[in-house]
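Now for the letters of each chain:
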Amino acid sequence: MIDDRGPVVHQALLIHRLIELRRGNGLTQEKVARSLEWSHAKLMRYEGGTQVLPKADLDALLNLYRVLGTAQGRKLQEIGRKARDKPWWHPHRHALSVEERYYVGLEMGVARIRQCAPALVPGLLRTRDYAHALCSMTDPGGEVDRLVDVLMGRQGMMLTRSPVPEQVYVLDEAALRRIVGGRENSGVMVRQLHHLVERSASVQLRILPEEAGLHFGALGGFALFDFDEGLPPVLHTEHRGRVVASKKDEDVHAYAEAFDRLVEEYALDACRSLALIEHHAQRLQDRTRTSPDTGEEEERAHAKGVGALPSGDLLGVFEPRPPPPPPFSTGLGTEAGSE
């Protein structure tokens, strides 16, 4: 029985299997298109993942690849059916960009997440109040409640997956010190820090202390998604206000190596990371008990070097910083035109 990883991942899995079948039969995209009297562009859209396969066209491909009616063919038909399902976030689709829908769709079926967050708490670890404060700043008067609902839905889906995906997060200490919600409502940040402590029981949290100095993660946030059943990993980063995905081996490998270096060479271990989060939570609680003048003076002192709260980041997909090179492909056209 196929587990419910959502239509985006089932679509990716279906494409992966169909390309394997086409190659196994020694067929190029051009030969397949001619055999089925399709345009080459139509098959490119299917294999590129930009168009979902209708049942009739899927059956035509399975017949051409000589698996229609077999156990393998029936399994692919079931995957195709799930790829045509509406995702849980379909009612909120108009609040999301194409890139964000792709990200959230892949997230639903991921086996492992490795994310580096240099500026803000990652979306899957945010409290509702923290997320609302960010969305209110970046999209005032807009789709704030809808965006927060999507984020809470993402968190709920992740917690109810079986098994729950492995999650490893590397946060810069600046994300702990930046008071989202403002001085007048510092309880938002206190609750967020306590929430991180609670979540550390089920996810891996590693903190990059200020003493780590300049590191790869300071150049921009990124996330690596790993999948089961042979699907290639996907790298995500924010580029000029857009979520950009890449499946290129060189991109994924470079960022995977960089992530490992952050964990092994720069970040605190799990126990010391947890202690640092608790320290900042306690420090902020103590500060709120001081006199307004004293608290404000201390706030300015701690804010030095951290910088202003970045704009963007509506869904907590990435921190809104320019990514390092190399340039990335969109990841939405996996193989289109390659043969």
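Residues numbered from 1 in each chain as written. Predicted model: local features only at pLDDT ≥ 70, side-chain atom pairs only at ≥ 80, totals over all residues. Heavy atoms only, no water.

Peer 1: For this particular structure, what's the right way to read the overall build of the protein?
Peer 2: Secondary structure assignment for the protein yields 13 helices and six strands. Of all 339 residues assigned to the protein, the portion counted as buried reaches 50%. Residue pairs in contact within the protein that sit at least 24 positions apart in sequence constitute 76% of those at least 6 positions apart. Accessible surface computed for the protein: about 15600 Å², of which carbon and sulfur atoms make up 52%. (Helix = DSSP H or I, 4+ residues; strand = E, 2+ residues; numbered from the N terminus. Buried < 20%, exposed > 50% of the residue type's maximum accessible area, 1.4 Å probe, protein only. Contact = heavy atoms within 4.5 Å. Areas by Shrake-Rupley, 256 points an atom, 1.4 Å probe, with all protein chains shown as cover.)

Peer 1: Teacher, can you tell me more about the environment of Trp89 here?
Peer 2: Looking at the element boundaries, Trp89 is found in the loop between helix H5 (71–83) and helix H6 (98–108). Overall, Trp89 belongs to the buried group, its relative accessible area being 7%. Separated by 62 residues in sequence, Trp89 and Leu151 place their C-alpha atoms 9.9 Å apart. Not counting the four nearest positions on each side in its chain, Trp89 is found in contact with Val8, Leu96, Arg101, Val104 and Gly105.

Peer 1: Hey, could you run me through helix H10 (residues 187–199) in this one?
Peer 2: Along an α-helix, residues three or four apart share an orientation, since each turn contains 3.6 residues. The terminal C-alpha atoms of H10 lie 18 Å apart, and with 13 residues this matches the ideal 18 Å at 1.5 Å per residue to within 8%. Turning to H10, its buried residues number three or more, namely Val188, Met189, Val190, Gln192, Leu193, His195, Leu196 and Arg199. The inward-facing, buried residues of H10 abut helix H7 (128–138), helix H8 (144–160), strand E2 (166–172), helix H9 (173–177), strand E3 (204–208) and helix H12 (270–288). (Expected span 1.5 Å × (residues − 1).)

Peer 1: Help me out: how do you make sense of a negative patch on the surface in this one?
Peer 2: A cluster of acidic side chains, namely Glu257, Asp260, Glu264 and Glu265, defines a negative patch on the protein surface. By the element assignment, Glu257 lies in helix H11 (residues 249–266). (Patch = residues over 30% accessible without salt bridge, like charges linked within 9 Å, V, L, I, M, F, W, Y side chains within 5 Å. Salt bridge = Lys/Arg side-chain N within 4 Å of Asp/Glu carboxyl O. Lys, Arg positive; Asp, Glu negative; His and termini not counted. Charge placed at Lys NZ, Arg CZ, Asp CG, Glu CD.)

Peer 1: Would you explain the packing of aromatic side chains in this entry?
Peer 2: Note on aromatic pairs: each is described by the distance of the centres and the angle between the planes. Per the counting criterion, the structure on display carries seven aromatic pairs. Aromatic pair Phe222 and Tyr255: ring centres 4.9 Å apart, planes at 75°, arrangement edge-to-face. Placement of Phe222 in strand E4 (residues 222–226) and of Tyr255 in helix H11 is noted, with a sequence separation of 33 residues between them. Overall, the relative accessible area of 1% leaves Tyr255 in the buried class. One aromatic cluster is present, formed by Phe216, Phe222, Tyr255 and Phe259 through successive ring pairs. (Phe/Tyr/Trp six-rings, centres within 6.5 Å; stacked < 30°, edge-to-face > 60°.)

Peer 1: Can you walk me through the pattern of salt bridges in this structure?
Peer 2: Two side chains of opposite charge can pair, provided their charged atoms sit close to one another. Inspection of every chain in the model, using the stated rule, returns 14 salt bridges. For the salt bridge of Glu20 with Arg17, the shortest nitrogen-to-oxygen distance reads 3.9 Å. Here Glu20 pairs with Arg17, and both are found in helix H1 (residues 7–24), just three residues apart, close to one helical turn. For Glu20, a relative accessible area of 44% gives the class partly exposed. Linked by salt bridges that have partners in common, Arg5, Arg17, Glu20 and Glu229 make up one network.

Peer 1: Teacher, can you tell me more about the pairing of E2 here?
Peer 2: The side chains of a regular strand alternate between both faces of the sheet. Counting buried positions along E2 yields six of seven residues, so the element is predominantly enclosed. Two elements, E2 and E3, share five bridges in a ladder whose sense is parallel. Pairing of Asp172 across the sheet is with Leu208, part of E3. (Pairing = 2+ DSSP bridges.)

Peer 1: Even after reading the chapter, I still don't get the nonpolar core, so can you show me in this structure?
Peer 2: Generally speaking, nonpolar side chains in soluble globular proteins are found buried as a group. In this structure, Leu18 and Leu196 are the most contacted members of the largest nonpolar core, which totals 70 residues. If you tally residues by element for this core, the top one is H1, at seven residues. With residues up to four places along the chain from it excluded, the contact list for Leu196 reads Val121, Leu125, Leu171, Leu176, Leu205 and Ile277. Grouped together as the second largest cluster of nonpolar side chains are 14 residues, Cys116, Val170, Tyr255 and Leu262 included. (Core = buried A, V, L, I, M, F, W, Y, C linked by side-chain atoms within 4.5 Å.)

Peer 1: I tried to follow H12 on my own but got confused; where do I start?
Peer 2: Its 19 residues give H12 an end-to-end C-alpha distance of 28 Å, which sits within 8% of 27 Å, the value for a rise of 1.5 Å per residue. Here H12 starts with a cap whose side-chain oxygen sits 3.3 Å from the backbone nitrogen of Cys271, and that cap is Asp269. (Polar contact = N/O pair within 3.5 Å; in protein donor to acceptor, adjacent residues only side chain to side chain.)

Peer 1: What exactly am I supposed to notice about the confidence of the model for the protein here?
Peer 2: Do not read the predicted coordinates in detail wherever pLDDT is low. Predicted confidence across the protein gives a mean pLDDT of 84, with 82% of residues reaching 70 or more. Taken element by element, the predicted model of the protein shows its lowest mean pLDDT in helix H13 (residues 292–303) (46) and its highest in helix H4 (residues 55–64) (98). Below pLDDT 50 for its whole length, residues 293–315 participates in 51 contacts with residues either more than four positions away or in separate chains. (pLDDT = per-residue confidence, 0-100.)

Peer 1: Explanation requested: the side chain of Glu173 in the structure shown.
Peer 2: When you line up the elements, Glu173 lands in helix H9. Within the buried set, Glu173 has no salt-bridge partner at all; the shortest N-O distance to an opposite charge, 5.0 Å, is to Arg177. Looking at Glu173, its side chain comes within polar contact range of the side chain of His280, at 2.8 Å. Not counting chain neighbours up to four residues away, the residues in contact with Glu173 comprise Ile207, Leu208, Pro209, Glu210, Glu211, Leu276 and His280.

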